[in-house]
Amino acid sequence: MAQKPATLKDVAAYANVSRATAARALNSYGYVGDETARKVHEAAEKLGYRGNRLAQALRNGQLPIIGCILGDIQNPFFARIAHDIEVLARKYRYNLIIGSSEEDLEQEVSLLASLQSLSIRGFIVAPTSDENTFHLERLIEENVPLVLIDRVVKGIECDSVVVDNEGGARKAIEYLIAMGHRRIGLLQDDTRIFTSRERLSGYQSALMAGGITPDDAMISVSQSTVEHAIDATIRLFSQKTPPTALFTVDSLMTQGALLAFRAMGISIPHDVSLVGFDDFNLATFTDPQITVVAQPVSEIGLAAARLLFEKLSGQSSPPQQIRFETKLLIRGSVSRRPEG
């Protein structure tokens, strides 16, 4: 019969000390006299006590781990970013712990606090809000390396990696206007989120530059999920005078819009034109293929990881702000609107 592994209680009893004293001696925290510490370690060796060495190493910051908190890792954009960060982390012999805030500030704060308790060496974060930033400010005050990804926050002095969201949205709307569309709908998420606010700004500025007054009736707000986007699209296109074109602010919303149009019997591009922000695999498998504003997603995660590892290696350069350009990929989901 296999011998039962020794426990902390066994070690404490053998050394004739309390469990608290044995724990302090074995985990090197608090005060323990030299002679008592020697007795505890001898007892642990005699009994073959191993303890939870992983937990000890985490508490003492001995494991090379970085943390990454993203908006929603169900989103293909964030899933690709997480993958690329993990690839580079392996190259630098670091481990990666990934958390999903699901665009909830309270969850983001809780995740960050939990990871900090494990002595994580640095963080890559896609912040849910630029209004409540105390948890990020605390990282800066404690000199914990931090890189913001996909979003920036005013007043937080750290490295960041984003794309030109406003310019990308403007390209999409300018193209739709050039194709004769004037009733252009927008499917967007909460403007508390930096990317949504920037894409809304690009949408509005392009309309005004084209002589079109923005109309709130053309905007439908949804959470960034396929299911919510379906409902938001149906609401938008159930109006008496619906849009002739739709711009969606991310790939999950684009997919939701496609499913909603199918359910409503609306044909693309004959009945409605569609442009999405962010490319995705299914965009080229649909008929017609979907016109999108593409982000260089293969570069974003790697750029953020490189910035973080530069800081972890001891570089003390001023914060770097990297902003990638977007590209309009014209496919088959937009038709020219007859004049008049």
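Look above for the structure.
Residues numbered from 1 in each chain as written. Predicted model: local features only at pLDDT ≥ 70, side-chain atom pairs only at ≥ 80, totals over all residues. Heavy atoms only, no water.

Asker: Explain the nonpolar core to me, using residue names and the numbers behind them.
Answerer: In this structure, I173, Y203, L246, F247 and F261 are the most contacted members of the largest nonpolar core, which totals 39 residues. Only helix 8 (165–178), strand 6 (184–188), helix 9 (194–209), helix 10 (226–236), strand 8 (245–248), helix 11 (251–264), strand 9 (273–277) and strand 10 (291–294) provide two or more residues apiece to this core. No other element matches the five residues that helix 8 contributes to this core. Within the second largest apolar cluster, 26 residues are counted, among which are A82, L96, V147 and L308. (Core = buried A, V, L, I, M, F, W, Y, C linked by side-chain atoms within 4.5 Å. Buried < 20%, exposed > 50% of the residue type's maximum accessible area, 1.4 Å probe, protein only. Helix = DSSP H or I, 4+ residues; strand = E, 2+ residues; numbered from the N terminus.)

Asker: Tell me about the side chain of S273, and please be specific about residues and values.
Answerer: On the secondary structure map, S273 appears in strand 9. Relative accessible area serves as the criterion here: at 0%, S273 is assigned to the buried category. One polar contact links the side chain of S273 to the main-chain amide nitrogen of S335, over a distance of 2.9 Å. Not counting chain neighbours up to four residues away, the residues in contact with S273 comprise L176, H181, T244, A245, L246, S333, V334 and S335. (Polar contact = N/O pair within 3.5 Å; in protein donor to acceptor, adjacent residues only side chain to side chain. Contact = heavy atoms within 4.5 Å.)

Asker: Just give me the short version of helix 8, but keep the residues and values in it.
Answerer: End to end, helix 8 covers 20 Å across 14 residues, agreeing with the expected 20 Å (1.5 Å per residue, within 8%). Of the residues making up helix 8, those classed as buried are N165, G167, G168, A169, A172, I173, Y175 and L176. Capping of helix 8 at its N-terminal end is provided by D164; its side-chain oxygen lies 2.9 Å from the backbone amide nitrogen of G167. One or two residues past the end of helix 8 sits G180, with phi positive at roughly 95 degrees. (Expected span 1.5 Å × (residues − 1).)

Asker: Give a detailed account of empty space enclosed by the protein, specifying residues and quantitative values.
Answerer: Rolled over the atoms, a probe sized like a water molecule indicates the empty space that remains. The final tally for this structure, using the stated rule, is one cavity of 30 Å³ or more. Approximately 30 Å³ is the volume attributed to the largest cavity. Lining the largest cavity we find P127, T128, S129, D130, R151, V152, V153, R192, I193 and F194. Two domains each donate at least three residues to the lining of the largest cavity, and these are domain 2 (63–163 + 297–324) and domain 3 (165–296). (1 Å grid on protein atoms, 1.4 Å probe; cavity = no way out; pocket = protein on both sides within 12 Å on 5 of 7 lines; lining within 4 Å. Points joined across faces, edges and corners; volume = space filled by probe spheres on them. Domains from an automatic or database assignment.)

Asker: Any details on the packing of aromatic side chains? Residues and values, ideally.
Answerer: In total, this model carries five aromatic pairs according to the counting rule given. Here F77 and F78 contribute two aromatic rings whose centre-to-centre distance is 5.2 Å and whose plane-to-plane angle is 65 degrees, an arrangement assigned as edge-to-face. A relative accessible area of 6% places F77 in the buried class. Arranged with centres 5.0 Å apart and planes meeting at 90 degrees, the rings of F237 and F261 form a pair that is edge-to-face. You can see F237 sitting in the loop between helix 10 and strand 8 and its partner F261 sitting in helix 11, a full 24 residues away along the chain. Judged by its relative accessible area of 1%, F261 is buried. Looking at R199, its charged tip hangs above the ring of F277, at a distance of 3.7 Å from the centre. (Phe/Tyr/Trp six-rings, centres within 6.5 Å; stacked < 30°, edge-to-face > 60°. Lys NZ or Arg CZ within 6 Å of the ring centre and 35° of its normal.)

Asker: Any chance you could break down the environment of L307 for me, citing the residues and the numbers?
Answerer: As for its placement among the helices and strands, L307 is situated in helix 12 (residues 297–312). Measuring from C-alpha to C-alpha, the distance between L307 and V161 comes to 9.1 Å, with 146 residues separating the pair along the chain. Excluding its chain neighbours within four sequence positions, the residues that come into contact with L307 are V147, D159, S160, V161, Q320 and I322.

Asker: Lay out the sheet that holds strand 6 with the relevant residues and their values.
Answerer: Judged by pairing direction, the sheet is mixed, and its six strands sit side by side in the order 7-6-8-9-10-12 without closing on themselves. The open sheet has two edge strands, strand 7 (219–221) and strand 12 (327–329), and neither has a second partner. Strand-to-strand twist in this sheet, taken as the mean axis angle between neighbours without regard to direction, amounts to 15 degrees. Sheet topology note: the strand 10/strand 12 ladder contains three bridges and is antiparallel. Paired with V292 across the two strands is L329, which belongs to strand 12. Sheet contacts for helix 9: strand 6, strand 7 and strand 9; angle to strand 6, the most-contacted strand, approximately 170 degrees. (Pairing = 2+ DSSP bridges. Axes fitted to C-alpha atoms, helices over the stretch in contact; angles between N-to-C directions.)

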